[in-house]
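Summary of the model geometry
Chain residues, written in single-letter form:
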Amino acid sequence: MNLKLSRRDLLRQGATFIALGIAAPGWLARLASADIQTRSKGRRLPDDRILVVVQLSGGNDGLNTIIPYTEPRYRQLRPTLAIPENQVVPLDEHIGLHPSFAKVKPLVEAGQFAVIQGVGYPNPNRSHFRSMEIWQTANPDKVVGTGWLGRYLDTLPDSARNPLIGITLGRENPVAMTGQQVSVPCVASLEDFKSLAGEEAEALHAVYALQDSKTASVRAATLKALDAAEIIRQRVGQYRSPVEYPRTPFAQALQQIAQLIAAGIGTRVFYCSTGGFDTHAQQARTHAVLLQNVAEGLSAFWTDLQAMGKADKVLVLAFSEFGRRVAENGSAGTDHGAAAPMFAMGKSIYAGLLGEHPSLSDLQDGDLRYHIDFRSVYAAVLEDWLDADSQQVLGGRFDKVSLIRRG
């Protein structure tokens, strides 16, 4: 036991434990016990499907990601930014991928990657903050304090037993993961969990085990956090992958999610993000690098999941808060727009191009018109992948997009 920890260290660590929001002692043991009881009663175990949500922050230029390369107006409206037809990676005779997004083409051909075209919502908001809030809360009409994923996690019986039922990889927990009851940990990296284990943790365990009624709740939460962190440290340490991930922050975040999936800690929703898509000026090279990072990260993640035999249980859903305006601006960039594509990756999806590409001749105030409400995509994921009541989570009924293959 390391007894050299200062009081400042203890307070700092204690604050970290509270921020992590971990509040269930021996949670894995209790989960295992509950599973045994469920089996003994002849009932099925809770479904173990996992959702990984990827946020492309800044407003991805969907028109230069999924390209109508045979459409003359595409080149008329983007005289410097249009991708030359001979560089587009075709998905069919009209629509193709930005060459830097080509890494997903083999996934499309394998039936494991879908492009959901023309996604948006009525009266689109061009503010980054408000539009992201709309996508995360699934409510364009008013500001609410909970997100669609947090509300989903609230419905799970396991959320009361498993403090890691949802995890955000990042420095700020999005409102998407905020529920009424559930508290989702947000960590910049797995090192945050590891820092809660080991010799320092033993010392903290001894200190916080001291009886003091005035600090009982703090001590209890901290001891529970230490229990959870130790188990995570042990299980994550067993992860070995044959896949070499790119050395980008996005790919590294996905690799850490892969580690947690391999650890089998019962997490149902992971959330991570990558930014920089607000390309108002000199967009061409910046956007190419961003798309390459996303495509290579997703490809490595999927290869890893398949190697560990977990791909059947994982669905990845990627979105951005809006697309860009159709016409390029005077700074060789694009400004905030509206409808854009979403992306899904999984082994139980209808792959390829879903829906029609928005018309370039029928714009709405210079923006692409949406023809799929993003809540229809959420409804499909909730009902057909997570087996949840979408109306309860979304606060209304939305026609599901045909995205998930059942059975």
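These notes cover the structure that comes with them. (Residues numbered from 1 in each chain as written. Predicted model: local features only at pLDDT ≥ 70, side-chain atom pairs only at ≥ 80, totals over all residues. Heavy atoms only, no water.)

Let's talk about the overall build of the chain
What counts here: Under the scheme used here, helices are H or I runs from DSSP no shorter than 4 residues and strands are E runs no shorter than 2 residues, and both carry numbers assigned from the N terminus. Type-normalised accessible area, obtained with a 1.4 Å probe on protein chains alone, sets the label of each residue: buried when under 20%, exposed when over 50%, and partly exposed for intermediate values. Contact definition: two residues touch when any of their heavy atoms are within 4.5 Å. Residue-level accessible areas treat just the shown protein chains as cover; the underlying method is Shrake-Rupley with a 1.4 Å probe.
A tally of helices and strands in the chain yields 13 helices and 12 strands. With 407 residues in all, the chain has 55% of them scored as buried. Expressed as a percentage of contacts within the chain between residues at least 6 apart in sequence, the contacts between residues at least 24 apart total 71%. Roughly 17,800 Å² of accessible area belongs to the chain as shown, and the carbon and sulfur atoms make up 48% of that amount.

Describing the nonpolar core
In plain terms, the rule: To form a nonpolar core, buried Ala, Val, Leu, Ile, Met, Phe, Trp, Tyr and Cys residues must be joined to one another through side-chain atoms within 4.5 Å.
By size, the foremost hydrophobic cluster in this structure holds 52 residues, and its most contacted members are F113 and F301. Per-element tally for this core: the top contributor is helix α11 (residues 283-307), with 9 residues. With sequence-adjacent residues up to four places away left out, F113 is seen in contact with F101, V104, L107, V108, L298, F343, A344, M345, I349, A351 and G352. In terms of nonpolar packing, the next biggest core, distinct from the first, is built from 46 residues, M132, I165, V393 and L403 among them.

Comments concerning empty space enclosed by the protein
To keep things clear, this is the line we draw: Cavities and pockets were defined on a 1 Å grid built from protein atoms only: a cavity is a group of points that admits a 1.4 Å probe but offers it no way out, a pocket is an open group of points flanked by protein on both sides within 12 Å along at least five of seven lines, and a lining residue is one with an atom within 4 Å of any such point. Grid points are joined across faces, edges and corners, and a volume is the space filled by probe spheres set on the points. Asp, Glu, Lys and Arg are counted as charged, while Ala, Val, Leu, Ile, Met, Phe, Trp, Tyr, Cys and Pro are counted as nonpolar; the rest, among them Gly, fall into the polar class.
Following the criterion strictly, the structure yields 2 cavities of 30 Å³ or more and no others. If you add up the space inside the largest cavity, you get close to 60 Å³. Elements with a minimum of two residues in the lining of the largest cavity: β5 (113-120) and β10 (340-345). Reported here for the second largest cavity is a volume of approximately 60 Å³. Elements supplying a minimum of two residues to the lining of the second largest cavity: β5 and α5 (128-137). The class makeup of the residues in the lining of the second largest cavity is 8 nonpolar, 5 polar and 1 charged.

Examining unusual backbone geometry
Residue A138 is not a glycine yet carries a positive backbone phi of 60 degrees. Despite not being glycine, A332 has its phi angle at roughly 60 degrees, a positive value. Take A332: it is sitting in the loop between β9 (314-320) and β10.

Here we look at the environment of S299
On the secondary structure map, S299 appears in helix α11. Considered as a pair, S299 and Y245 are 54 residues apart in the sequence and their alpha carbons are 9.0 Å apart. Every residue in contact with S299, bar those within four places of it in the chain, is listed here: K103 and L107.

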